[in-house]
Amino acid sequence: MPAVNATSPTSAALPGALPAGLESVTGATGQLSTSAVSAPVGAQAGSFGSQLAGQVDSLQAMQGERDTLTLQAVTGDLEDIHEATIAAAEASATMDLMVAMRNSGLQAFNELMRIQA
């Protein structure tokens with residue numbers, strides 16, 4: 001693999017544009033350094049299943065907060081009604097995202113089953 005340096009056409013076309021986690025393209029010897037590249041964030045955080053479970057827990061917490069703030073708004077204990085509105089919108093948007101992800105996963109699974117048949 002050829003070394004990438006400051007005078008290569010690639011770096012000249014994109015000055016200052018380095019991918020995330022890459023501090024420098026070349027080391028002192030002019031060779032590509034792999035020590036500046038960090039592992040992807042997802043690889044450090046755990047498996048897909050554990051991340052998905054964490055997101056479901058987060059959604060449940062948002063819905064619980066929404067319910068609490070809605071109850072406070074209805075009983076008159078909430079000073080700022082905007083808090084309840086924002087919490088409801090966040091919970092709704094997160095639920096819509098989770099449903100879309102589920103639908104995409106089911107579509108992919110069904111397509112794989114169709115291909116195997």
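Scroll up for the structure.
Residues numbered from 1 in each chain as written. Predicted model: local features only at pLDDT ≥ 70, side-chain atom pairs only at ≥ 80, totals over all residues. Heavy atoms only, no water.

Peer 1: Kindly report on the overall build of the protein, identifying the contributing residues and their values.
Peer 2: Helix and strand counts for the protein stand at 4 helices and 0 strands. Along its sequence from the N terminus, the protein presents helices and strands in the succession α-α-α-α. Taking all 117 residues of the protein together, the buried fraction comes to 9%. The contacts of the protein with a sequence gap of at least 6 include a subset with a gap of at least 24, amounting to 36%. When the accessible area of the protein is evaluated, it comes to approximately 8,900 Å², of which 62% is carbon and sulfur surface. (Helix = DSSP H or I, 4+ residues; strand = E, 2+ residues; numbered from the N terminus. Buried < 20%, exposed > 50% of the residue type's maximum accessible area, 1.4 Å probe, protein only. Contact = heavy atoms within 4.5 Å. Areas by Shrake-Rupley, 256 points an atom, 1.4 Å probe, with all protein chains shown as cover.)

Peer 1: Can you explain a negative patch on the surface? Please cite residues and give values.
Peer 2: Taken together, the side chains of Glu65, Glu79, Asp80, Glu83 and Glu90 define an acidic patch exposed on the protein surface. For Asp80, the position within the fold is in the loop between α3 (48–75) and α4 (81–116). (Patch = residues over 30% accessible without salt bridge, like charges linked within 9 Å, V, L, I, M, F, W, Y side chains within 5 Å. Salt bridge = Lys/Arg side-chain N within 4 Å of Asp/Glu carboxyl O. Lys, Arg positive; Asp, Glu negative; His and termini not counted. Charge placed at Lys NZ, Arg CZ, Asp CG, Glu CD.)

Peer 1: Which residues make up the packing of α3 against α4, and what are the values?
Peer 2: Two numbers describe how α3 lies on α4: the axes approach to 9 Å, and their chain directions differ by 150°. With respect to α4, the element α3 is oriented roughly antiparallel. Crossing hand, α3 versus α4: left-handed. Listed contacts from α4 to Leu52, Val56, Leu59, Met62, Gln63, Arg66, Leu69, Thr70 and Ala73 of α3 are Ile81, Glu83, Ala84, Ala87, Ala88, Glu90, Ala91, Thr94, Met95, Met98 and Met101. (Axes fitted to C-alpha atoms, helices over the stretch in contact; angles between N-to-C directions. Parallel < 35°, antiparallel > 145°, perpendicular 65-115°, else oblique. Left-handed = near helix turned anticlockwise from the far one by under 90°.)

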